[in-house]
Amino acid sequence: MQYRTSKQEFLFYLIFAVYILACVLSMSVLAENGGVVIKGLKYLCYLGCVIKILMDGFSEKKLWCFIIIAFLTVMTTVSTGTTMYFLFFLIFMAAKNVNLSRLMKIACWVQGISVFAIIGLSQLGIIEDHIFDPNERIRHGLGFSWTTLGPSLVFFFMMTYLYLRREKAHLVEYIILELIAYWLYVQTNTRMCFMITTVFLIWTYLMKYYLQNRGEKIRRNRILIAFPTIICLLSIFIHVGYNADSSLWTKLNDILSGRLQLGQSAFQKYGVALFGQKITWVGYGIGAASGEYNYVDSAYMQTLIQYGVIALIVIIALYTFIMYMSVRLKDYYLQAVLVFTLLISVTEPRLLDFNFNVFPILAVAFFTHQERDLLYQKPAVSGMQVRFQMPRIRVKNRG
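Summarised in this report is the structure supplied together with it. (Residues numbered from 1 in each chain as written. Predicted model: local features only at pLDDT ≥ 70, side-chain atom pairs only at ≥ 80, totals over all residues. Heavy atoms only, no water.)

Section: the packing of helix H1 (residues 7-26) against helix H5 (residues 100-123)
Inclusion rule: Inter-axis angles, ranging from 0 to 180 degrees, are taken between N-to-C directions of lines fitted to C-alpha atoms, where helices are fitted over the stretch in contact. Helix numbering and strand numbering both begin at the N terminus, where a helix is a DSSP run of H or I of at least 4 residues and a strand a DSSP run of E of at least 2. When describing relative orientation, an angle under 35 degrees is termed roughly parallel and one over 145 degrees roughly antiparallel, while 65 to 115 degrees is termed roughly perpendicular and anything else oblique. Crossing handedness is read from the near helix: turned anticlockwise from the far helix by less than a right angle, it gives a left-handed crossing, and turned clockwise, a right-handed one. Any pair of residues with heavy atoms lying within 4.5 Å of one another is described as a contacting pair.
Put simply, H1 and H5 touch, their axes get as near as 9 Å, and they point 25° apart. Looking at the two axes, H1 sits roughly parallel to H5. Of the two elements, H1 crosses H5, and the hand of that crossing is right-handed. Here Phe-12, Tyr-13, Phe-16, Ala-17, Ile-20, Leu-21, Val-24 and Leu-25 of H1 come into contact with H5, specifically with Arg-102, Leu-103, Ile-106, Ala-107, Val-110, Gln-111, Ser-114, Val-115 and Ile-118.

Structure (structure tokens):
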């Protein structure tokens, strides 16, 4: 089965590519002088998403689903005073009827090239490589505004890359990726990101041979459908239940660089609201807000405290739906990506952040298609033509 890319789909791919590039640039030192231009690119993409949404059509059942989520998003925006989730919702809406493979390839190429270009420019001295914590442990920014941003971006790039390569990835590719992860660890001292990257690479490499040997005999692992809920509840429990008087809890808190204590302090100070509340997080890095450090790294705790119970439930439901579809389609590489995204979100705020993690957008692709043939099929080899009326443009893609 082959299909021809519509002009709406082509428009979204273009928007998506520009948006990912703008996201990476916004976290680099280039944003210090070019922040207005980068922000303008993002808002231009949001405008493009609105145009794409108006060009699409929705069935009544799916339209009501989007309307309900839009209402919840607006309520969260009003309560928190931040537009992040509302703008993310526009991207979700615009991702209707797109091809999963093409979407992930765009994300992989644009994110990979832009991230490694910034790191390379910082090492050549063309852009500044900020040094953080010089008196305690030298941590390089590698061209980004904080030391953890580069390794986190590379981690999600690696997951996208191996998700696309699947069984075709050779041992040498895994070795190169691990060497890159180790070099980033040496430069930035981001222990948690390095450990989870290494475990992910080992896991996917072993999974490659397991799948090759078992083939179609492998059954659907339905227990994974509950994994988003389990890891969310576990993350909240270890933060809320942290006990400074217990040596075991203290040891775990030290391993997690004090994150449990910070999460519990924020929970006790701010509490939890249904649709979230206005909070100013004070962290580290260039352009960070001034004041006493109070940043909560855990995506689950940060979402619960700042964006509210409803937002966390919707996000976990979104991951549960993607996991359900990956189990249904026996997409074991997507299952691995989801598991490690959920795991790293215990210590990093990457659960629903398109600046790093584009995988949640697959929920819309699954929701609007729910057919493996269209989701994974390449465009027609014979070529496609996309036409716009104003101005008249003809684009030919030879697959």
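Here's the deal with a nonpolar patch on the surface
Using the following cut-off: Residues forming no salt bridge and having over 30% relative accessible area are the ones grouped into patches, like charges within 9 Å of each other and nonpolar side chains (Val, Leu, Ile, Met, Phe, Trp, Tyr) within 5 Å. Per-residue and other accessible areas were derived by the Shrake-Rupley procedure at a 1.4 Å probe size, with only the shown protein chains allowed to occlude residues. Here, a salt bridge means any side-chain nitrogen of Lys or Arg that lies within 4 Å of a carboxyl oxygen of Asp or Glu. Using a 1.4 Å probe on the protein chains alone, a residue whose accessible area is under 20% of its type maximum counts as buried, one over 50% counts as exposed, and one in between counts as partly exposed.
On the surface, a nonpolar cluster with roughly 490 Å² of combined accessible area is contributed by Leu-44, Leu-47, Val-50, Ile-51 and Leu-54. In this structure, Val-50 sits in helix H2 (residues 31-55). Residue Val-50 is classed as partly exposed on the basis of its relative accessible area of 33%.

A few points about the packing of helix H12 (residues 299-328) against helix H13 (residues 332-344)
Angle between the axes and distance between the axes: these two values describe a pair of packed helices. Applied cut-off: Residues were grouped as follows: Ala, Val, Leu, Ile, Met, Phe, Trp, Tyr, Cys and Pro as nonpolar; Asp, Glu, Lys and Arg as charged; and all remaining residues, including Gly, as polar.
Two elements in contact, H12 and H13, have axes whose closest approach is 11 Å; the angle formed by their N-to-C orientations is 165°. Relative to H13, the element H12 is oriented roughly antiparallel. Crossing of H12 against H13: the hand is left-handed. From H12, Tyr-300, Tyr-319, Ile-322, Met-323, Ser-326 and Val-327 reach across to H13, where they touch Leu-334, Gln-335, Leu-338, Val-339, Thr-341 and Leu-342. The residue makeup of the contact of H12 with H13, split by class, is nine nonpolar, three polar and no charged.

Considering the packing of aromatic side chains
Rules: Two aromatic rings from Phe, Tyr or Trp, using only the six-membered ring of Trp, form a pair when their centres are within 6.5 Å; if the ring planes differ by under 30 degrees the pair is stacked, by over 60 it is edge-to-face, and anything between is tilted. A ring has a charge above it when a Lys NZ or an Arg CZ is no more than 6 Å from the ring centre and no more than 35 degrees off the ring normal.
Going through the model one piece at a time under the given rule, you end up with 22 aromatic pairs. Here the aromatic rings of Phe-116 and Phe-157 are separated by 5.5 Å at their centres, their planes lie at 85°, and the arrangement is edge-to-face. With Phe-116 in helix H5 and Phe-157 in helix H6 (residues 149-165), this pair connects stretches of sequence that are 41 residues apart. The exposure class of Phe-116 is partly exposed, given its relative accessible area of 32%. Ring geometry for Phe-132 and Trp-146: centres 4.8 Å apart, planes at 75°, overall edge-to-face. Remark: Trp-146 occurs in the loop between strand S2 (139-140) and H6 and Phe-132 occurs in strand S1 (residues 131-132); sequence separation between them is 14 residues. By way of ring pairs, the aromatic residues Tyr-85, Phe-88, Phe-92, Tyr-307 and Phe-354 are connected into one cluster. Between the NZ or CZ atom of Arg-166 and the centre of the ring of Tyr-163, over which it lies, the distance is 4.6 Å. Sitting over the ring of Phe-356, Arg-350 keeps its end group 3.8 Å from the ring centre.

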